[in-house]
Amino acid sequence: MSHAFSPGPDLDVDLRNAVPADADDVARLLCELGYPCDIQDAAERISMILANDRQALVLARRQGAVCGLVALDFMYYLPLGTTTCRVTALVVTPSAQGQGIGRALLKEAERRARAGGAARIELTSGAQRTEAHAFYRACGYSDSSVRFVKPLGSA
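Presented here is an overview of the structure given in this document. (Residues numbered from 1 in each chain as written. Predicted model: local features only at pLDDT ≥ 70, side-chain atom pairs only at ≥ 80, totals over all residues. Heavy atoms only, no water.)

1. Side note on unusual backbone geometry
Glycine aside, a negative phi is what most residues show, and trans is what most peptide bonds show.
Working step 1: In this structure, Q63 takes a positive phi of about 50° despite not being glycine.
Working step 2: Relative to the helices and strands, Q63 resides in the loop between β2 (55-62) and β3 (65-77).
Working step 3: Residue classification places Q63 among the exposed residues on the basis of a relative accessible area of 72%. (Helix = DSSP H or I, 4+ residues; strand = E, 2+ residues; numbered from the N terminus. Buried < 20%, exposed > 50% of the residue type's maximum accessible area, 1.4 Å probe, protein only.)

If you want it as structure tokens, here you go:
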């Protein structure tokens, strides 16, 4: 079985791991997702992911231009005694949405999760992102829990 993902003949997109030279594209995509990020921050974040074998950052390119990304984090999940793969970010540029790129990124995430020994894959999505929720459901994901977050601050 090949390790390269082939999304199919109808979708002219290639998927590859991000490298520090992709910082401009990663910063732009994170801003699209609503997380302000400059090029230097993006380069540092990419380097942190590359240094951690339990994380991955995959870029989607079409006609040589980066148009999406998915970030993965593998963790041991005590309640089930298995590895879970968490999608920590998924974004496709507005001009490339609705063309199968997000679905290709999710399929690649699922492929990598299986290859990494994960028993399941999960993601969270902001309550206001109703279009994203419909997309995830169409891709076979189901609502499973309510997420609670508390910022820790510096104290």
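2. A short note on the nonpolar core
Working step 1: If you look at the biggest cluster of nonpolar residues, it comprises 26 residues, and the most contacted ones within it are V70, L72, V87, I101, L105 and L106.
Working step 2: Secondary-structure elements contributing two or more residues to this core are β2, β3, β4 (82-92), α3 (101-115) and β5 (118-123).
Working step 3: The element that contributes the greatest number of residues to this core is α3, accounting for 6 residues.
Working step 4: If we ignore the near neighbours within four places in the chain, the residues touching V70 are A56, L57, V58, V87, A89, L90, L105 and A109.
Working step 5: L29, L30, L33 and L57 belong to the second-largest nonpolar core, a separate cluster that totals 18 residues. (Core = buried A, V, L, I, M, F, W, Y, C linked by side-chain atoms within 4.5 Å. Contact = heavy atoms within 4.5 Å.)

3. Considerations on helix α1 (residues 23-33)
Every α-helical turn comprises 3.6 residues, leaving residues that sit three or four positions apart pointing alike.
Working step 1: Looking at α1, one finds that the buried residues are A23, D25, V26, A27, L29, L30 and L33.
Working step 2: As for α1, its buried residues are in contact with α2 (39-50), β2, β3 and β4.

4. Examining the pattern of salt bridges
Working step 1: Counting across every chain of the model gives 8 salt bridges.
Working step 2: Put simply, R16 and D22 hold a salt bridge, and the shortest N to O gap is 2.8 Å.
Working step 3: On the accessibility criterion, R16 (25% relative accessible area) is partly exposed.
Working step 4: Look at D22 and you get buried, because its relative accessible area is 6%.
Working step 5: Between R120 and E122 there is a salt bridge, and its shortest N-O distance comes to 2.9 Å.
Working step 6: Overall, R120 belongs to the partly exposed group, its relative accessible area being 30%. (Salt bridge = Lys/Arg side-chain N within 4 Å of Asp/Glu carboxyl O.)

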